[in-house]
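Chain residues, written in single-letter form:
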Amino acid sequence: MFNQSVTRVRAGEKTDRGGNTVKDWSPGGVQRLPVAALNIQPAVQSESVDEQRNQVITGYRVQSAEGTAPDIRAVDRIEWRGETYEVEGEVAEWPELFVDAVHHIEFTMRRTTG
């Protein structure tokens, strides 16, 4: 059940022309981390068509295996099956019963095209 894996992509930081620190999503600026032992299931699929565009939203619910808490944050991106997804909302940490530890994490990843 937890036989899927993704790559977590986290932006680095750079200084823009105005001297501000901003996210750096360039290929050389990001940190990549392989994350295994995941269960990925469809969560949402919708399509919206108008005269300007055809928008498709695809989302998946991701759950880590028992006893794991991969380093994934709401600001990260996820690469899976050749596509890039954004983490939607906060990553939920489910507590272990009777001890102060994480049982597993869950989050939703989403991709919008069009």
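A few points on the structure.

Reading guide: rules and limits
- Residues numbered from 1 in each chain as written.
- Predicted model: local features only at pLDDT ≥ 70, side-chain atom pairs only at ≥ 80, totals over all residues.
- Heavy atoms only, no water.
- Pairing = 2+ DSSP bridges.
- Helix = DSSP H or I, 4+ residues; strand = E, 2+ residues; numbered from the N terminus.
- Axes fitted to C-alpha atoms, helices over the stretch in contact; angles between N-to-C directions.
- Core = buried A, V, L, I, M, F, W, Y, C linked by side-chain atoms within 4.5 Å.
- Buried < 20%, exposed > 50% of the residue type's maximum accessible area, 1.4 Å probe, protein only.
- Contact = heavy atoms within 4.5 Å.
- Polar contact = N/O pair within 3.5 Å; in protein donor to acceptor, adjacent residues only side chain to side chain.

## As for the sheet that holds strand E8 (residues 102–113)
Now for step 1: Spatially, E1-E4-E5-E8-E7-E6 is the arrangement adopted by the six strands of the closed barrel, whose pairing is antiparallel. Across the sheet, the axes of successive neighbouring strands diverge by a mean angle of 45°, strand direction being ignored.
Now for step 2: Inspection of the sheet shows strand E1 (residues 4–10) paired to strand E6 (residues 77–80) by three bridges, in the antiparallel sense. Bridge assignment links Val 9 to a residue of E6, and that residue is Arg 77.

## Remarks on the nonpolar core
Now for step 1: In this structure, Val 6, Ile 40, Ile 72, Ile 78, Trp 80, Phe 107 and Met 109 are the most contacted members of the largest nonpolar core, which totals 15 residues.
Now for step 2: Residue assignment for this core shows that the elements contributing at least two residues are strand E4 (31–49), strand E5 (54–64), E6, strand E7 (83–95) and E8.
Now for step 3: If we ignore the near neighbours within four places in the chain, the residues touching Trp 80 are Gln 4, Ser 5, Val 6, Ile 40, Tyr 60, Tyr 85 and Met 109.

## Considerations on the side chain of Arg 10
Now for step 1: Note that Arg 10 resides in strand E1.
Now for step 2: Reaching out from Arg 10, the side chain makes a polar contact with the side chain of Asp 71 at a distance of 3.1 Å.
Now for step 3: Contacts of Arg 10, omitting those with residues within four sequence positions, involve Trp 25, Gly 29, Val 30, Gln 31, Asp 71, Ile 72, Arg 73 and Asp 76.

## Side note on unusual backbone geometry
Now for step 1: Residue Ala 37 is not a glycine yet carries a positive backbone phi of 60°.
Now for step 2: Mapped onto the fold, Ala 37 is located in strand E4.
Now for step 3: Residue Ala 37 is classed as partly exposed on the basis of its relative accessible area of 25%.
Now for step 4: Even without a glycine there, the phi angle at Arg 81 is positive, about 55°.
Now for step 5: Among the secondary structure elements, Arg 81 is positioned in the loop between E6 and E7.

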